[in-house]
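Remarks on the overall topology
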Amino acid sequence: MEDLNIDISKLPEDVRDKLAELDLELSEGDITQKGYEKKRTRLLTPYIPKHNPNVVEENQKKDSVSGVSPASRATRRGNRRLTRNESRYHSEVRQEAVQQALAQALQNRHKPSMPMPSKRTSVMARSPDRDRHDSESSSDEDSIVIEETVESTPERERVRDRGTPQIFPPPPLSDTSSTGSPPPLHHRPRMPPPNNWEDKRRIEITEISDVLQNFRPYSQPPDVTHNTAVGGRRPAADRVNRYGSSGSDDTVGTGTGRWKVSTKIQQLLNTLKRPKRRPLPEFYEDDDIELEIAANPKDPNAPKPEGSGMSPAVGEQLVVPSGLPRSLEAAITRYGNGTFKAPVATVLDPNGKLSVTLTYGKLLSRSHKIAYALLTKSFSKNGDTSLKCGDRVALVYPNNDPINFLCAFYGCLQAGIVPVPIEVPITRRDAGSLQIGFLLGSCAVQVALTSEACLKGLPKTASGEVIQFKGWPKLNWFVTEHLTKTPKDWSPTPRLTDETPAYIEYSTDRDGSVMGVTITRTAMVQHCRMLTMSCNYTEGENMVCVLDFKREVGLWHSVLTSVLNGMHVIYIPYALMKVNPASWMQMITKHRASVAVVKSRDLHWGLLATKDHKDVNLGSLRMLLVADGANPWSLSSCDQFLSVFQAKGLRADAICPCASSSEVLTVSVRRPGRAGVNATGRGVLSMQGLSYGVVRVDQENSLTSLTLQDCGQVMPGCVIVVVKMEGPSYICKTDEVGEICVNSGSTGTQYWGLQGLSNSTFKVQPLGTDGKPISDAEYTRSGLLGFLGPGGLVFVCGSRDGLMTVTGRKHNVDDIIATVLAVEPMKFIYRGRIAVFSIKVLRDERICVIAEQRPDCSEEESFQWMSRVLQAVDSIHQVGLYCLALVPPNYLPKTPLGGIHLSETKRRFMDGNLHPANVLMCPHTCVTNLPKPREVHSDVGPASVIVGNLVQGNRLASAQGREVGGLLDEDGDSSKKQQFIAEILRWRAQGTSDHILFTLLNSKGAVAKVLSCSELHKKAERIGNLLVEKGKINTGDHVALIFPPGLDLICAFYGCLYVGAVPVTIRPPHPQNLQTTLPTVRMIVDVSKSVLVLSIQAVIKLLRSKEASNVVDIKSWPLILDTDDMPKKKLPVPYRAPTAEMMAYLDFSVSTTGMLAGIKMSHAAVTNLCKSMKLACELYPSRHIALCLDPYCGLGFALWCLSSIYSGHHSILIPPSEVEVNPALWLSAVSQYKVRDTFCSYGVMELCTKGLGSSVNQLKSRGINLACVRTCVVVAEERPRMNLTTSFSKLFSALGLSPRAVSTSFGCRVNVAICLQGASSPEPSTVYVDLRALRNDRVSLVERGSPHSLCLMESGKLLPGVKVIIANPESKGQCGDSHLGEIWVQSGHNASGYFTIYGDESEYGDHFNARLVTGNTGEVYARTGYLGFLRRTEMSENSCVTDETVISRESDNESLGSSHHVVPSDSPELHDAVFVVGALDETIMLRGMRYHPIDIENSVLRCHKKIAECAVFTWTNLLVVVVELDGNESEALDLVPLVTNTVLEEHHLIVGVVVVVDPGVVPINSRGEKQRMHLRDGFLADQLDPIYVAYNM
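So, the environment of Leu1430
The topology assignment puts Leu1430 in strand S53 (residues 1422-1434). Considering only alpha carbons, one finds Leu1430 and Ile1365, 65 residues apart in sequence, at a separation of 8.3 Å. Excluding residues within four positions of it along the chain, Leu1430 makes contact with Arg955, Ala957, Ser958, Ala959, Val1364, Ile1366, Asp1377, Ala1473 and Val1474.

Some points on the pairing of strand S36 (residues 1062-1066)
For S36, a buried count of 5 out of 5 residues is recorded, marking the element as mostly surrounded by other parts of the structure. Burial of S36 is two-sided: the residues Val1062, Val1064 and Ile1066 facing one way and the residues Pro1063 and Thr1065 facing the other way are all buried. Taken together, the 5 bridges between strand S35 (residues 1038-1042) and S36 define a ladder with parallel strand orientation. Note that in S36 the partner of Leu1041 across the bridge is Thr1065. Chirality of the crossover, the property in question, places the unit of S35, helix H31 (residues 1047-1058) and S36 among those that are right-handed.

A look at the sheet that holds strand S1 (residues 118-119)
An order of S1-S62-S61-S60-S59 is seen for the 5 strands of this open sheet, with the pairing classed as mixed. Taken across any chain shown, the strands that pair with only one partner, and hence form the sheet edges, are S1 and strand S59 (1507-1515). Where strand S60 (residues 1518-1525) lies against strand S61 (residues 1551-1557), 6 bridges are found, and the strand directions are parallel. Note that in S61 the partner of Val1521 across the bridge is Val1554. On top of the sheet, helix H44 (residues 1493-1503) reaches S59 and S60; it is set at about 140° to S59, its chief contact. With respect to the sheet, helix H45 (residues 1535-1547) is in contact with S59, S60, S61 and strand S62 (1588-1591), its orientation differing from that of S61 by roughly 135°.

Some thoughts on unusual backbone geometry
Residues other than glycine seldom take positive phi values, yet Glu552 does so here, at roughly 50°. Residue position: Glu552 is located in helix H16 (residues 552-564). The backbone of Lys1032 sits at a positive phi, close to 50°, despite the residue not being glycine. Within the element layout of this structure, Lys1032 appears in the loop between helix H30 (1013-1029) and S35.

A closer look at helix H38 (residues 1225-1232)
Across the 8 residues that make up H38, a large majority, 7, are buried. Directly beyond the C-terminal end of H38, a positive phi value near 50° is found at Lys1234.

Structural notes on the pattern of salt bridges
Taken as a whole, this structure holds 50 salt bridges when the rule is applied. Between Lys810 and Glu726 there is a salt bridge, and its shortest N-O distance comes to 4.0 Å. With Lys810 in strand S27 (residues 809-812) and Glu726 in the loop between strand S21 (719-723) and strand S22 (738-743), this pair connects stretches of sequence that are 84 residues apart. Using a relative accessible area of 48% as the deciding quantity, one classes Glu726 as partly exposed. Arg1572 serves as the salt-bridge partner of Glu1497, at 2.7 Å between the closest nitrogen and oxygen.

Some words on the sheet that holds S22
Taken together, 5 strands build an open sheet; the order of strands is S3-S21-S22-S24-S25 and the sheet is antiparallel. Each having just a single partner strand, strand S3 (313-314) and strand S25 (794-799) make up the two edges of the open sheet. Taken together, the 5 bridges between strand S24 (residues 780-788) and S25 define a ladder with antiparallel strand orientation. Along S25, the bridge assignment pairs Leu784 with Ser799.

Some thoughts on the nonpolar core
Residues Leu1016, Tyr1054, Leu1094, Phe1239 and Val1364 are the most contacted members of the largest nonpolar core, which totals 119 residues. It is H31 that contributes the most residues to this core, 10 residues altogether. Leu374, Val447, Cys535 and Cys711 belong to the second-largest nonpolar core, a separate cluster that totals 98 residues.

Section: the packing of helix H35 (residues 1163-1177) against helix H36 (residues 1194-1207)
The packing of two helices is summarised by the inter-axis angle and the distance between the axes. Packing of H35 against H36 leaves a shortest axis separation of 9 Å and a crossing angle of 80°. Here H35 is positioned roughly perpendicular relative to H36, judged by the angle of their axes. Contacts between H35 and H36 pair Val1166, Thr1167, Leu1169, Cys1170, Lys1171, Met1173 and Lys1174 from the former with Leu1195, Ala1198, Leu1199, Leu1202, Ser1203, Tyr1206 and Ser1207 from the latter. In terms of residue class, the contact of H35 with H36 is made up of 9 nonpolar, 3 polar and 2 charged.

Examining the confidence of the model for the protein
Looking at the protein, pLDDT values average 82 and 81% of them are 70 or higher. Long-range and interchain partners of residues 52-91, a stretch whose pLDDT sits below 50, account for 64 contacts in this model, where long-range means more than four residues apart. Note on residues 276-286: pLDDT is under 50 here. Beyond four places in sequence and across chains, it has 31 contacts.

What counts, and where the lines are drawn
Residues numbered from 1 in each chain as written. Predicted model: local features only at pLDDT ≥ 70, side-chain atom pairs only at ≥ 80, totals over all residues. Heavy atoms only, no water. Helix = DSSP H or I, 4+ residues; strand = E, 2+ residues; numbered from the N terminus. Contact = heavy atoms within 4.5 Å. Buried < 20%, exposed > 50% of the residue type's maximum accessible area, 1.4 Å probe, protein only. Pairing = 2+ DSSP bridges. Right-handed = clockwise from strand over helix to strand, strands pointing away. Axes fitted to C-alpha atoms, helices over the stretch in contact; angles between N-to-C directions. Salt bridge = Lys/Arg side-chain N within 4 Å of Asp/Glu carboxyl O. Core = buried A, V, L, I, M, F, W, Y, C linked by side-chain atoms within 4.5 Å. Parallel < 35°, antiparallel > 145°, perpendicular 65-115°, else oblique. Nonpolar A, V, L, I, M, F, W, Y, C, P; charged D, E, K, R; others polar. pLDDT = per-residue confidence, 0-100.

Okay, structure coming up:
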């Protein structure tokens, strides 16, 4: 009945209520599908619109969206009903509430379906690669083998090629409890991403990848666009299909087709459009205090406690039964002599056959032997006895050996030695074993008592010794069996005073730290007496114990109190329970036991073992003690157990829940066989109230109520108060939840060795409302949260360790677990295998739920289950889950008794070592304390900004390098010479013909070729001839030079200049990667309008090869000439340009945003650039400069091809590709030629840092010395990579590299060299700026190490003749010093404009002639497109070279050491430092703030050691983070929570999508910069083949 075109939300209230009831009936199985449809139609008929043309399409659309047909819904409903009945012994109360809540949530708002994560097939079907310690599939605390009623089908493998990530259509969230409420009919069809990108890029900067298409995704090195294709230019709106056509083959519509990423993101956006629960607080402050306030809002409507102050609850007087022994030693002596044949303990072996019984007589004699051995045996080497009364020893006995434990424990008591019972360590690195080691260390334990069998099983070293466990002290292992008889006359010394410790019990807090609670002899005996009285224990009774006898309830009842009373205990080991869960009931039946000590888990397991029920008789039981009676689910376990076993003789008044903790021992216990009206209590409480710490009674049927059972009355001789959870210990009001504190003679006295912590726990003085202590008595905190009910009943509703405070409201771990379990019990996850904890992110706690999923659970099912858990927790607790993760069976770390080791699970989660199989993060829904987005005030104009800065006394940001100085001698030839670089080469070829200008090195470090002035001149002439004769070149034609880095390139460049052609240098395609590099080459040839290609034989062969013809049509190349065969003729007339403003060469380069930009360099700009560098770097013919960078564009080209010709210095050329082969090449050359100035790229620096990290000493021994280096400049067009330069400096300081030598330069398209560290400039300065201010375009300096600080290094010094200002890129007003703005530059070597195929200059026209709108409006600047700021810093040297000395050096040949002309100046000179923050195109605007991708990426890279690389970009306002995983695919999902946390914590941003990919997927261009835009296009076109894509909700 899905086809009634009715908007349900518009129906009358009563009809909607009836529909809701109907849906509920169907979900509960009280009505058939047919009946449901009938009734529903009857209700809706009056409201059907008259004509309904689009019913059919609507219906089809709906089904294709939800991917589920009505029929399959019905069958699923049937199945669900089945499973529900099979597992009916669950928190029924909670389960019904949950199902109802889910049904309601659906009614109220139909949520758009959430996008399901995409997974690579290989990740889905992986088998756990963790070594298993046990074979059962569910060796867990709360589920046993019998549960496996669902047949486990083998994983339904979807075999697909690795290329298609596994994506299902997202499951409809609608069938939560299968309320057939149809999706509302005004269904929004999912739109493909909007197609309205403006066609902005029709300008002269073309976007490489627009011109190129149908290309495979990228394989790596070397060039620019790792993923592009050839073909006609596509309009910008089509950029999504950037990576090619492979995306179009699969249909999105079909049920199993892959969902496109873009569709999923649209879906995610639809889901996120739901209103949040709490609006953001109305202020914007980027401050931690503000975040803190936002995380703990004061809700005016929150319920407040209204009761009066409580009065302490006092237990009845302790009456010690007359015949009770006065102490435990006395008891052993009495029973061991008087009734020595009476059994004290019986243990079943794991097969359930009775195995061993210990009598009181044996207990007496064995414990005596052990006491004697402990006091007389010498444990140390030198022979004196090492154990004295009061020393501590460890007791290490397995869970199936209580008999040896009893003997050892009582042996210690009799010897006056303090036992510390601990778990048996299984491996060297058990979960939590380190903490146990700390405990043993602080207790100074040197001896460990154990049994023979246990010692055999411990892991050993090769020599047979027990291994040293992680963090443990050195122990002597002592076996307590088969000891020699004690001498006749020996008897244990009379016991010590009552206040000495009797034993130490370990207790773990929420972080997993282990403390030792010290129990004195008095407290131990007093506690036994209290239990004897309240449980009516008598001599000779039989008790069945299923608990761990080493601590807490198990120890107190089955080891201590039972012996004091001369009882017999039958122990059921955990291993037996797993095989035969009914064994404990069979033992009660067999031994007619009157007492059983169990946990609610055991009741649950017992219920499930239905086939064993027939022989059980529980009539003898007068007390069934439920040790975890304080748990929220113990109530339903008790109720169900009673309802089933009342028929087997179980009495209602035998069920006795108790509350206890290691610190206070037993808090309260329900008395067996109780009489009177107030004997038991049950409270239905509002969970909303409890979350505010207030007790409010709720209606029985409320969805959000919690039903609690009492844990009995206060113990005899005790006083209980409830104090506030936080702050000073004020007494609570009667209706307020607080921490229960106990005063009695039987609590712990201290945490061993932790004085401060002990005082705050064991010495609490509750304060009255007046702030004064209510009495002198000291109370002990129990760690339990609760309140006192009527009649002195104790109610516990949580524990301090399980408390999570989220946005000011308190939630209890156990309550959340109960809700999660009720969603779909047993079908998807194992019942006891759920870990819930909170982590602190962005000043608030965030709830994480980790569960073990069943092996036969499909991706779809688990995702569906996860989305329902989210809804259930949201409806019932009104709190969002931050992270929900599913791990494979048996993956969660266990405690020795099979429970979940919570703190270890949390640690693994936080460290990224949990390896989940599924993760769903919901930061959008639960992070509500983000700072308010910034509003940009558009009404403040640039003029008022300037006025504001002047008023405040801020400097306006502008700076300039020193003057270049005029042309030196004015006779015509020299001035002409200085205008054209080609003229200078001719002049050098005549004047210093044999002077060596260039030396090219090969990968061995040997000289491959040298080139003198005259050789270069002659070669250039020959190439000029070749161009004229064979190429028929006209002046002004463009010639593409495709050469590997080397000397041929330089010769060809000058050959072009000699005949008036305009050279365009292009990097040759990479032979191993023609697919992606050849189209770039082809494109530059096309865009630059080159009429001819010059190259060498090897490259030409490659261009014409068969492989190349598959990529680019060979016939389409212009004429290709080979410089290897040239005519040997002189040029008749050298060409000389008429003016210096004519174009000398074209420089093409691809920006990080994938834009290909060519710039025009005039002759004047060339010589100005060279002169400027000559002055800054003090370049003379006698100098050697080493270059290790790419010679194709920017400053790299200028250094390689121009600078030597102008200044005459000797350049040693080292192609970076040779450094890949031999990483030591560059540094060896620098050392060998004693180079003072060297230039490199980040790529080379990284190769050296990574490749030589381990071989520095080897290099040292080869005599490599870098002390000669004065400047080592990284040529770059980005923010300085401080991490890299610092680690490079540190690493090679061992080879004498001066820490101040390394610096960076800065250039960009409009000006290839703006800053450069000169020869005698002060060392580069660094500043720390506040990242938060930077996001708002403000620059505020902070101290090193302050939070949110970012360290920035200046990019070299401004070159002579360069002036920069900082301007606001939007308003074009000048910025003050404290603002981040665009760097604008004015200089003689600015480029003269862009050169591309499109002549439309309008968009980028102002890049080269921008003017300020205020202040000095006459000056013209070029806009760099980079954001930065200026800082005036003091020179760190007190000497500076004066300008006059520099200008007066005409005789070019004189080598001038800077030392001759240094003029000491008295005051330190100020200089302006330029700090580059990042490219404007790259910045990301989110929440009104400006983010630089590199900052987010650096945070992400730090968050997990397996993240090899990272790139971020935005898509429809969602932040997408792509991380490369350098590790096993099973670790992919570990990264999702860590990435989300880190970005949230450090940048206050919510990550929308996390994409985990293989190493090498993030494309990097030749300068080592990330190509984020290509990555984005590849992601949207589904071409990354990700391992995992997580869509954060």
